[in-house]
Amino acid sequence: MTAEIDVNDPHYRRMRLAAMLCEAAELEHSLTCQYLFAGFALKREMTEGLTAAELDKVRGWRSTIMLIARQEMEHLGYVNNVLTALGEAPHLVRPDFPLDPAFYETDIDSKLARFDFETLKRFLLFELPERMDHETLKTMTGYFPGLDFATIKTLGGLYTSIAKLLQLCEAEAKEKGETIFIGPKWAEAMTGGSNIENLRPGVDGQMSIYGMNLKPVLNLEDAIHAIKQVLEEGEGAPEHIEGSHFGRFLEIAAEYDRLLQDNPGFDPSRKVVDTPVSKVGYRGVQQKHGTVIEDPLTNKVSLAFDLAYNSMMLMLFRFFMATDEDEADAKAIEDSVFFPVMTVVIRPLGELLTELPAKPGGDGMAGPGFRFDRRIALLPHRTAAFKIIYANLMALNAALTEVAGQMPNQQLNDRIDFVTQNVWRIAQNFANATGIGGEAQ
């Protein structure tokens, strides 16, 4: 990771700070997708080979993983608020999976994989604290015999370096009577309440987005507080890791261990393939990375997920960029992307894909690819942007309508129908709220 700071090079410090924040944003986004994928693939029924006691544990793990994924989304929001406060553009793009461990210099694979003990160990390393108490170190050594934890470049180390560079750059700016926090206050994204006035038009300080608590970053104190929250929720303070991501994963590992001792054949997850990729003719060399979905019906659902994910990202770009939206526009994006799209489109489609075969007659199931279209970016012009987003949602509705009734069983057909209807309603509500016009029922 980009962690070292050259304090003797004042000319590029601010650029380096922005680059480090963008790297942090990509990592947070990447972790969100990896955690969601693992959570989606967890088994849900005793008919999948679990006892009642095992299923109860797995359900608890799913809730924990989803909570962690939501907090990673929040952390991504905080990083983007810091970028906005610095006058930089929010950073929402990331490389497609899989990523070589050397890409971010983490020595850890970034890939979409089902939840087994090896995946859990990867998650522990991603959230590894910079320091551990004796008992935690002993436990981790048991999971990773022979590993020198001091060699792992942690996400916490990156954030610590970002905090130091923020303080250094602001101190230099203050010597000139200036500040590095030159971004517009109204462009900040926030949730959960605030007493700060003159933020984004229409935000009254009581906005709540899917249980996340995102606050604005307006100065150095806010920025350091945001980084502290990310560190404590993620890696956890060295003295107290209970409730942190690392601490939660460590608790799951202990429970996983006990279940394996009672039942060596225990397997909590569906046998989904690693890093599934929709089969698309125009992607060329990109098709060589990941596991290409060959089953025709599954591929149609996978392409629909890609379209849903890309549509969601287009809305998030507009939400975080805060360019030419007015009060009603900002509310329309918020009311579309956070609760309905993420929870009644992305999640059910992602879960459904783990029950469909990746290849005809094959044993491996598919899963969501969280793959970007090559042209995913900010749509800069208000009316055109909203019309394109609406058109994408209607294309998604048509794609889902096409596969309706073709699923392997009625339960899956009902779930596809549920998502299809939700997409149509979201599209019409978005069109009406932004004034671009929709379709009558």
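Quick summary incoming for the structure in this document. (Residues numbered from 1 in each chain as written. Predicted model: local features only at pLDDT ≥ 70, side-chain atom pairs only at ≥ 80, totals over all residues. Heavy atoms only, no water.)

### A closer look at the nonpolar core
Then, in step 1: In this structure, F115, I162 and L166 are the most contacted members of the largest nonpolar core, which totals 129 residues.
Then, in step 2: The leading source of residues in this core is helix α8 (residues 296-321), at 15 residues.
Then, in step 3: Ignoring anything within four residues of it in the chain, the contact list for L166 reads L17, V82, L86, I180, F181, L220, A223 and I227. (Core = buried A, V, L, I, M, F, W, Y, C linked by side-chain atoms within 4.5 Å. Buried < 20%, exposed > 50% of the residue type's maximum accessible area, 1.4 Å probe, protein only. Helix = DSSP H or I, 4+ residues; strand = E, 2+ residues; numbered from the N terminus. Contact = heavy atoms within 4.5 Å.)

### Let's talk about the pattern of salt bridges
Then, in step 1: Counting across every chain of the model gives 16 salt bridges.
Then, in step 2: The residue E172 makes a salt bridge to R13 at a minimum N-O spacing of 1.8 Å. One end of the pair, E172, is in helix α5 (residues 155-175); the other, R13, is in helix α1 (residues 13-40), and 159 residues separate them in sequence.
Then, in step 3: We classify R13 as buried; its relative accessible area is 6%.
Then, in step 4: A salt bridge links D274 to K111, with the nearest nitrogen and oxygen atoms 3.5 Å apart. Linking D274 in the loop between α7 (245-262) and β1 (276-277) with K111 in the loop between α2 (52-85) and α3 (117-126), this pair joins segments that are 163 residues apart in sequence.
Then, in step 5: Residues joined by salt bridges that share partners form a network here, namely E48, R270, E355 and R415. (Salt bridge = Lys/Arg side-chain N within 4 Å of Asp/Glu carboxyl O.)

### So, the environment of H75
Then, in step 1: Relative to the assigned elements, H75 resides in helix α2.
Then, in step 2: Apart from the residues lying within four places of it in its own chain, the contact partners of H75 are E28, Q229, V230, E233, G234 and H245.

### Considering the environment of G156
Then, in step 1: Structurally, G156 is set in helix α5.
Then, in step 2: Of the residues examined, G156 reaches a relative accessible area of 2% and is grouped as buried.
Then, in step 3: Once the C-alpha coordinates of G156 and E130 are considered, the two residues, 26 residues apart in sequence, prove to be 6.8 Å apart.
Then, in step 4: In contact with G156, other than residues within four places in its own chain, are E130, L231 and E235.

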